[in-house]
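Fold and contact review
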Amino acid sequence: MADFLEYSSISSEIRGAMCSGKLKMTDTAIVFKSDKTGKVEQISAGDIELLNYQRFVGSYGLRVFLKNGSLHRFVGFTGDEAKIADFVKKNYKLDMLEKELSMRGWNWGTVQFKGAVLSFDVENKTSFEIPLNNVSQCNVGKNEVTVEFHRNDDAPVSLMEMRFHIPTTESADIDPVEAFQENVMKQASVISVSGDAIAIFREIHCLTPRGRYDIKVFQTFFQLHGKTYDFKIPTSSVLRLFLLPHKDNRQMFFVISLDPPIKQGQTRYHFLVTLFQMDEETNIELPFSEEELKEKYEDKLTKELSGPVYEILGKIMKVIINRKLTGPGSFVGHAGTPAIGCSFKAAAGYLYPLERGFIYVHKPPIHIRFEEIASVNFARSGGSTRSFDFEIELKTGTVHTFNSIEKEEYSKLFDFISSKKLHVKHTGGKASYKDDFADSDNDGEPDAYLARVKAEAKERDEDDDDDGSDSEESTDEDFNPNQQESDVAEEFDSNVESSSSSDEDGSDGGGSDDSGGEKKRKDKKEKEKTKNKPPAKKSKEKRETKERKKPKSKSKDSDAPKRPVSAFMLWMNATRDQIRKDNPGLSITEIAKKGGELWKDLKDKKEWEAKAAKAKQNYTEAMAAYKASGGGTDNGKAEKRKKSGTPRKVDTSSQMTGSGFKSKEYIDDTSSSSTDEDAKKDAKKAKKPANDKKSTGKSKKSESETSEEEEDDDGSEDSD
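Conventions we followed
- Residues numbered from 1 in each chain as written.
- Predicted model: local features only at pLDDT ≥ 70, side-chain atom pairs only at ≥ 80, totals over all residues.
- Heavy atoms only, no water.
- Helix = DSSP H or I, 4+ residues; strand = E, 2+ residues; numbered from the N terminus.
- Buried < 20%, exposed > 50% of the residue type's maximum accessible area, 1.4 Å probe, protein only.
- Contact = heavy atoms within 4.5 Å.
- Areas by Shrake-Rupley, 256 points an atom, 1.4 Å probe, with all protein chains shown as cover.
- Pairing = 2+ DSSP bridges.
- Axes fitted to C-alpha atoms, helices over the stretch in contact; angles between N-to-C directions.
- Left-handed = near helix turned anticlockwise from the far one by under 90°.
- Nonpolar A, V, L, I, M, F, W, Y, C, P; charged D, E, K, R; others polar.
- Core = buried A, V, L, I, M, F, W, Y, C linked by side-chain atoms within 4.5 Å.
- Expected span 1.5 Å × (residues − 1).
- Salt bridge = Lys/Arg side-chain N within 4 Å of Asp/Glu carboxyl O.
- Phe/Tyr/Trp six-rings, centres within 6.5 Å; stacked < 30°, edge-to-face > 60°.
- pLDDT = per-residue confidence, 0-100.

In this section: the overall build of the protein chain. In terms of regular secondary structure, the protein chain is built from 16 helices and 35 strands. Burial statistics for the protein chain: of 720 residues in total, 36% are counted as buried. Considering only contacts in the protein chain between residues 6 or more positions apart, those separated by 24 or more positions represent 48%. Total accessible area computed for the protein chain in this model is approximately 44600 Å², and 48% of it derives from carbon and sulfur atoms.

In structure tokens:
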């Protein structure tokens, strides 16, 4: 049989509320650890008087009654009765019997006091039990007793008071009402100041709750006595003690974690935060004899204590309350202190990475255990590279964000988190956080703002290229010579060859030229309308234009020798599998980046450079032999270009011929504009009678069409 039994989903009754946690039964003790607070409650096997099974709805529970009269109950066991009974019989030498409960539902019965437990029995069976340490007050009337309970803010429903009616009997020598109250108050959790304090610390600076308080330490509680408020805190409610140095190395924080918290009005304080000056010292003489110190505290305290105030207070609290005093862990920040300056929400404070968690001091104080953390994350602080944010996401879904941490703390904090094996949440698929938080003055820093600006500039350049592909007449949008009333529209028309020729010959030529110019102006307007359409409507046309303008990639010669590989690629091909093995989970891009870093750090590269040089020499020799055999020549390309007759667009706005300026014409590669052909054309136009401009519209149209046909034959018309 196993030496222990362990259960992960067990609930313990704490002040009337069921708190989930883990239960472990060993041969020497029963240990329960709360999931919420992390507090470990240990019940020694020698202190157990009775251990019973109790039946609950859908599950079983354990009732552990101790020799000192206290009661512990654990719920959530399913189907392990025989296994637990055998374990208890073997290790604790106790017989487990089922505790039967009364199902009568009567509200009258018999009250029995067993240690610190009030049991209400009906027909010799227990109806309910009340742990008296949950009682805060007990008041009596004529035949009635009112029992009040401590309020538990974590419980969804709290029982605040119960009333018992006690009949009087004439034969009794003692009043049963007073006897009932006395039995309750003996075990009730009512703090009454009696006797002298073990130690008193005057005018201690408290940050939470704020003010100056006298701290008085008693055997079972300690008291905060201020000018306005007074708190009595049982030692059983102390969870942890922290002693943390301030970042300035001149002050010290002493933090006390409480459960349940103390209340001031409607405000609850889960932590007491006090601040001490390191140079403040005190001398205290404890009211114990040497024998009492040896018996009660095992010589952990001496009769006289002297030294810094924070050290004396921490030592006394540690021994009296029997809790560990937690100090800073192995983490050392950039400034040489275990504190990281940051802010939480609107308040500035300090974050302390501890050996088993984080604690933030001080507004509000937060303690986070490693086992509560689901993941952590590093993020930029508002786009600034001078600081970063540290986010802690809990398993419950709560996220705590600590802002404005200096960038110098990043490497220290990241190394600490890596050593504790906490899960770091990667955002944006980035593998390295050091690149994110590099110095803004370094060239290698990925600047998100700069990248966005570059992307916007690239988009603007593409838009400009798209606009230019539609119209090459003018790049100035403000200048529009195509308006109907413009005097210079004809001068800047797409083809003014005929008009300029007529002017040179001294003839008007107005009929045909005006008609042709008017037609061309209309065509120009239609083109401008198309140009000025919204981008969404002409996006398809733009894409087609882009596709037409894209140069076709050159076809590769499969017979040609392959180019040689560089020294880095030779080394990378040889070590890629090893890099993937040493760094599992990396993507292809990350492996390449890692290889680049390793190649940069590689000192001896002679072997790979020699291999690369040899490969290059072999390539040169193979290429020379390949060209000598006739390979790699560009045969027939020029002839193909000549036969194709595809026009090549050139800008001839600055070319001059005998006939004047030529604007936007297509020139064939096979032949250029012939001066003889231009001369013939000019002579033909000069023979036209000057009175043609008085002819009818029909004749004008026919002449215009004839002129256009001649221009088409010449191949100088700009087709849209």
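Across a sheet, strands are paired by hydrogen bonds formed along the backbone, either parallel or antiparallel in direction. In space, the three strands of this open sheet follow the order β9-β10-β11, with antiparallel pairing throughout. Looking at strand neighbours, the two that pair on one side only are β9 (110-114) and β11 (125-131), the edges of this open sheet. Across this sheet, the average inter-strand angle for adjacent strands is 25°, counted without regard to direction. In this structure, strand β10 (residues 117-122) lies alongside β11, joined through six bridges in antiparallel fashion. From the neighbouring strand, Ser119 faces β11, where its bridge partner is Glu129. Contacts between helix α2 (residues 176-187) and the sheet are confined to β9 and β10, with β9 contributing the most and set at about 35° to the helix.

Moving on, we get to the packing of helix α11 (residues 567-582) against helix α12 (residues 588-601). Packing of α11 against α12 brings their axes to within 10 Å, and their N-to-C directions diverge by 115°. For α11 against α12, the interelement crossing comes out right-handed. On the side of α11, the interface is formed by Ala567, Phe568, Trp571, Met572, Arg576, Ile579 and Arg580, while α12 contributes Ile591, Ala592, Lys594, Gly595, Gly596, Leu598 and Trp599. Class assignment of the residues belonging to the contact of α11 with α12 gives a composition of nine nonpolar, two polar and three charged.

A word on the nonpolar core. Grouped together as the largest cluster of nonpolar side chains are 39 residues, with contacts concentrated most on Phe201, Ile256, Leu286, Ile316 and Met317. By residue number, the principal contributor to this core is helix α4 (residues 309-321), which donates nine residues.

Right, let's get into the pairing of strand β17 (residues 221-225). Across the five residues that make up β17, a large majority, four, are buried. In this structure, strand β16 (residues 211-217) lies alongside β17, joined through four bridges in antiparallel fashion. Across the sheet, the residue bridging to Ile215 is Leu224, located in β17. In textbook terms, the turn of a hairpin is the stretch between consecutive antiparallel strands, and for β16 and β17 this stretch comprises three residues. By the bridge criterion, five bridges tie β17 to strand β18 (residues 230-234) in an arrangement that is antiparallel. Residue His225 lies in a different strand from β18, and its bridge partner there is Asp230.

Spatially, the eight strands line up as an open sheet ordered β4-β3-β2-β1-β7-β6-β5-β8, and their pairing is mixed. Single-partner strands in this sheet number two, and they are β4 (40-44) and β8 (97-98). Sheet topology note: the strand β6 (residues 59-66)/strand β7 (residues 71-77) ladder contains six bridges and is antiparallel. Each bridged residue has a counterpart across the sheet, and for Arg63 the counterpart in β7 is Arg73. Against the sheet, helix α1 (residues 81-91) contacts β1 (5-14), β2 (17-25), β5 (48-56), β6 and β7, and its axis sits at roughly 90° relative to β1.

Think of an α-helix as turning once every 3.6 residues; residues three or four places apart then point the same way. In this model α4 runs 18 Å from its N-terminal to its C-terminal C-alpha over 13 residues, within 8% of the 18 Å that 1.5 Å per residue would give. α4 sits mainly inside the fold: ten of its 13 residues count as buried. Among the residues making up α4, those that are buried are Val309, Tyr310, Ile312, Leu313, Gly314, Ile316, Met317, Val319, Ile320 and Ile321. Just downstream of α4, Asn322 is the residue with a positive phi angle, here 65°.

The subject of this paragraph is the pattern of salt bridges. All chains considered together, the criterion is met by 17 salt bridges. One salt bridge in this structure joins Glu98 and Arg55, with 3.6 Å as the shortest N-O distance. Separated by 43 residues along the polypeptide, Glu98 in strand β8 and Arg55 in strand β5 bring together distant segments of the chain. The partly exposed category is assigned to Glu98, whose relative accessible area is 42%. For Arg369, the salt bridge is made with Glu372, and the minimal N-O distance between the two is 3.6 Å.

Across the interface, α11 lies against helix α13 (residues 606-628) with an axial gap of 8 Å and an inter-helix angle of 115°. Helix-helix and strand crossings are classified by hand; for α11 and α13 the assignment is right-handed. Of the residues in α13, those touching α11 at Ala567, Leu570, Trp571 and Ala574 are Trp608, Glu609, Lys611 and Ala612. A class-by-class count of the residues in the contact of α11 with α13 yields six nonpolar, no polar and two charged.

Along the polypeptide, Tyr352 turns up in strand β26 (residues 347-353). Considered as a pair, Tyr352 and Val332 are 20 residues apart in the sequence and their alpha carbons are 9.6 Å apart. Discounting chain neighbours no more than four positions away, the residues touching Tyr352 are Leu244, Pro245, His246, Phe253, Pro338, Ala339, Gly357, Phe358, Ile359 and Val361.

A few words now on the packing of aromatic side chains. Under the counting rule described, the total for this entry stands at 29 aromatic pairs. Each ring, one from Phe113 and one from Phe180, has its centre 5.4 Å from the other, and the planes form 70°; the classification is edge-to-face. With Phe113 in strand β9 and Phe180 in helix α2, the pair connects residues that are 67 residues apart, well separated along the chain. With a relative accessible area of 27%, Phe113 lands in the partly exposed category.

Of the consecutive residues Thr208 and Pro209, the connecting peptide bond is found in the cis state with omega at -10°. Of note, Pro209 is situated in the loop between β15 (199-208) and β16. Here Val361 and His362 are connected by a cis peptide whose omega angle stands at 20°. Secondary-structure assignment places His362 in the loop between β27 (357-361) and β28 (366-369). Within the chain, Asn249 stands out as a residue other than glycine whose phi angle is a positive 60°. Residue position: Asn249 is located in the loop between β19 (238-245) and β20 (251-264). Overall, Asn249 belongs to the partly exposed group, its relative accessible area being 49%. The backbone of Lys345 sits at a positive phi, close to 60°, despite the residue not being glycine.

Our next topic: the confidence of the model for the protein chain. Overall, the predicted model of the protein chain reaches an average pLDDT of 75, with 68% of residues at or above 70. Looking at the elements of the protein chain, mean pLDDT is at its lowest for strand β35 (residues 666-667), recorded as 38, and at its highest for β27, recorded as 94. Segment residues 468-515 is flagged for pLDDT under 50; beyond a separation of four residues in sequence, or across chains, it makes 63 contacts in the model. In this model, residues 687-720 is a region of pLDDT below 50 whose contacts with residues beyond four sequence positions or in other chains number 35 contacts.

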